[in-house]
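Chain residues, written in single-letter form:
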Amino acid sequence: MKRVLFFIYGLFCHALFLVVYAWMAMFLGNFGLNFVTTIDSPREVPLGRAVLIDLCLIALFGFQHSVMARPGFKKWWTQFVPQPIERSTFVLASCICMIALLTLWQPIGFVVWDVTSPAIRVALHALFAIG
């Protein structure tokens with residue numbers, strides 16, 4: 001029974017990853033549907049606050065992702081989380097951090113860079129899709 005529950009838990013965590021990954025692609029590609037903040041959405045808070053919040057969100061994801069990937073952490077962590085679901089739990093924690101980033105992100109309100117050449121723009125969109 002435990003094996004089945006671990007399998008269902010793993011399926012849930014990895015399915016959530018696919019949803020979050022698609023959401024992240026919409027966020028980065030500015031494919032918002034008028035209800036999703038994208039990276040280039042209009043700014044709603046002062047620039048300094050937006051940058052501080054965004055840097056903290058990026059740091060949160062980076063810290064979680066880096067720390068949980070370390071062998072020493074995994075050895076310690078598997079004292080509390082069974083080894084068969086350690087990876088799924090890492091995926092779940094990463095998804096939670098990314099959901100926080102995507103929902104709490106504060107756009108800076110201006111375009112950092114823009115490509116006006118149609119050929120280069122198509123090439124960049126193709127690379128984005130491949131990535």
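Refer to the structure above for everything that follows.
Here is a short report on the structure shown in this document. Please read these numbers as outputs of a predicted model, since none were measured by experiment.

What counts and how
- Residues numbered from 1 in each chain as written.
- Predicted model: local features only at pLDDT ≥ 70, side-chain atom pairs only at ≥ 80, totals over all residues.
- Heavy atoms only, no water.
- Patch = residues over 30% accessible without salt bridge, like charges linked within 9 Å, V, L, I, M, F, W, Y side chains within 5 Å.
- Areas by Shrake-Rupley, 256 points an atom, 1.4 Å probe, with all protein chains shown as cover.
- Salt bridge = Lys/Arg side-chain N within 4 Å of Asp/Glu carboxyl O.
- Helix = DSSP H or I, 4+ residues; strand = E, 2+ residues; numbered from the N terminus.
- Buried < 20%, exposed > 50% of the residue type's maximum accessible area, 1.4 Å probe, protein only.
- Axes fitted to C-alpha atoms, helices over the stretch in contact; angles between N-to-C directions.
- Parallel < 35°, antiparallel > 145°, perpendicular 65-115°, else oblique.
- Left-handed = near helix turned anticlockwise from the far one by under 90°.
- Contact = heavy atoms within 4.5 Å.
- Nonpolar A, V, L, I, M, F, W, Y, C, P; charged D, E, K, R; others polar.
- Core = buried A, V, L, I, M, F, W, Y, C linked by side-chain atoms within 4.5 Å.
- Polar contact = N/O pair within 3.5 Å; in protein donor to acceptor, adjacent residues only side chain to side chain.

Some remarks on a nonpolar patch on the surface
Line of reasoning, step 1. A cluster of nonpolar side chains, contributed by Leu47, Val51, Leu55, Ile58, Phe110, Val112, Trp113, Ile120, Leu124, Leu127 and Ile130, occupies part of the molecular surface with about 1,100 Å² of accessible area.
Line of reasoning, step 2. Of all the elements in the fold, those that place two or more residues in the nonpolar patch are helix H2 (47-68) and helix H5 (118-130).
Line of reasoning, step 3. Here Ile58 lies in helix H2.
Line of reasoning, step 4. Of the residues examined, Ile58 reaches a relative accessible area of 45% and is grouped as partly exposed.

With respect to the packing of helix H1 (residues 2-29) against helix H4 (residues 86-104)
Line of reasoning, step 1. Direction vectors running N to C along H1 and H4 enclose 30°, while the axes themselves pass 9 Å from each other. Classed by the angle they form, the pair H1 and H4 counts as roughly parallel. Every pair of crossing elements has a handedness; the one defined by H1 and H4 is left-handed. Residues Tyr9, Gly10, Phe12, Cys13, His14, Leu16, Phe17, Val20, Trp23, Met24 and Phe27 of H1 pack against Ser88, Thr89, Val91, Leu92, Cys95, Met98, Ile99, Leu102 and Thr103 of H4.
Line of reasoning, step 2. When the residues that make up the contact of H1 with H4 are grouped by side-chain class, the tally is 15 nonpolar, five polar and no charged.

Topic: the nonpolar core
Line of reasoning, step 1. With 16 residues, the main nonpolar core has Val20, Leu101 and Leu102 as its most contacted residues.
Line of reasoning, step 2. Breaking this core down by element, the ones donating at least two residues are H1, H2 and H4.
Line of reasoning, step 3. Broken down by element, this core gets its largest block of residues, eight residues, from H4.
Line of reasoning, step 4. When sequence neighbours within four positions are dropped, the list of residues in contact with Leu102 reads Val20, Trp23, Met24 and Phe27.

A few points about the side chain of Gln106
Line of reasoning, step 1. By the secondary structure assignment, Gln106 is in the loop between H4 and H5.
Line of reasoning, step 2. Given a relative accessible area of 16%, Gln106 falls into the buried group.
Line of reasoning, step 3. Engagement of the side chain of Gln106 in a polar contact is seen with the backbone oxygen of Leu104, the distance being 3.1 Å.
Line of reasoning, step 4. In this structure Gln106 touches Val45, Ala50, Ile53 and Asp54, once residues within four positions along its chain are discounted.

Quick word on the packing of H2 against H4
Line of reasoning, step 1. Packing of H2 against H4 brings their axes to within 9 Å, and their N-to-C directions diverge by 175°. When the axis of H2 is compared with that of H4, the two are roughly antiparallel. When H2 is examined against H4, the residues Ile53, Leu57, Ile58, Leu60, Phe61, Gln64, His65 and Met68 are found in contact with a partner set consisting of Glu86, Thr89, Phe90, Ala93, Ser94, Cys97, Met98, Ala100, Leu101 and Leu104.
Line of reasoning, step 2. Of the residues assigned to the contact of H2 with H4, the class counts are 13 nonpolar, four polar and one charged.

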